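For reference, the chains in residue letters:
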Amino acid sequence: MVAMIRAATIDDAQAIAELHVRSWQSAYRDHFPAAYLAALSVADRAKMWTAITAKQPPRVGVSIASESIVGFVSTSASRDDDAAAGVGEINAMYVEPSRWRTGIGAGLMQWALEQSASRGWSALTLWVLRDNASACAFYEAWGWRPDGATQTETIGGAEAVEVRLRRAVPSP
């Protein structure tokens, strides 16, 4: 079934939060401790996504299939201290684990690029776990390249090294 992508509304926050937690638990099971992933709070994520989806203009796109949210992408102006004006960021992009490699991510990426172009951004960045080979391969196929920046966080007691990727935003 083909998915439709639309701007998220505040009414989507709970479903986005549930998908966010499921995706983390699946995508990061080899990266973070099982106890940490099991303890992720849908309620906490719902509060976060309620606040984000309430902002205007819309900055979250959701992919809908069979009347359910099967993926989402969130964008904003870059939050990085070294970002130039006109640079946006993909803050999060997750797909229902049972729907990985079905084109949902490609649709969300296209939506994010179109939204970024409409905001006048010339480039986008995103942070990805260096050791998340699947995500890195997906982004590389879409023309994302490392720009040399890295950051290390401790998540659930595990060290997480992230690399920043960058790509140009196509003109509308």
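Structure shown above.
In this report, we go over the structure that sits alongside the text. (Residues numbered from 1 in each chain as written. Predicted model: local features only at pLDDT ≥ 70, side-chain atom pairs only at ≥ 80, totals over all residues. Heavy atoms only, no water.)

The next point concerns the overall build of the protein chain. Of the regular secondary structure elements, the protein chain holds 5 helices and 7 strands. Going from N to C terminus, the protein chain has its helices and strands arranged as β-α-α-α-β-β-β-α-β-α-β-β. The C-alpha radius of gyration computed for the protein chain amounts to 15 Å, which stays within 12% of the reference 16 Å derived for 172 residues, consistent with globular compactness. Seen along its three principal axes, the alpha-carbon backbone of the protein chain occupies a region of about 45 × 40 × 30 Å. A buried classification covers 45% of the 172 residues belonging to the protein chain. Partitioning the contacts of the protein chain with sequence separation of at least 6, the portion at a separation of at least 24 is 64%. Only carbon and sulfur atoms are counted for the fraction: they give 52% of the accessible area of the protein chain, which is about 8700 Å². Placing the 16 positive and 18 negative side-chain charges of the protein chain at their respective mean positions leaves the two points 3 Å apart. (Helix = DSSP H or I, 4+ residues; strand = E, 2+ residues; numbered from the N terminus. Rg over C-alpha atoms; globule rule 2.2 N^0.38 Å. Buried < 20%, exposed > 50% of the residue type's maximum accessible area, 1.4 Å probe, protein only. Contact = heavy atoms within 4.5 Å. Areas by Shrake-Rupley, 256 points an atom, 1.4 Å probe, with all protein chains shown as cover. Lys, Arg positive; Asp, Glu negative; His and termini not counted. Charge placed at Lys NZ, Arg CZ, Asp CG, Glu CD.)

Burial analysis of strand β4 (residues 87–95) places 8 of its 9 residues in the buried class, the great majority of the element. By the bridge criterion, 7 bridges tie strand β3 (residues 68–77) to β4 in an arrangement that is antiparallel. Following the sheet pairing, Thr75 is matched in β4 by Ile90. As paired strands, β4 and strand β5 (residues 123–129) are joined by 4 bridges and run parallel to one another. Bridge assignment links Gly88 to a residue of β5, and that residue is Leu124. In this view, the connection linking β4 to its parallel neighbour β5 by way of helix α4 (residues 104–118) has right-handed handedness. (Pairing = 2+ DSSP bridges. Right-handed = clockwise from strand over helix to strand, strands pointing away.)

Remember that the coordinates give geometry; whether it matters functionally is a separate question.
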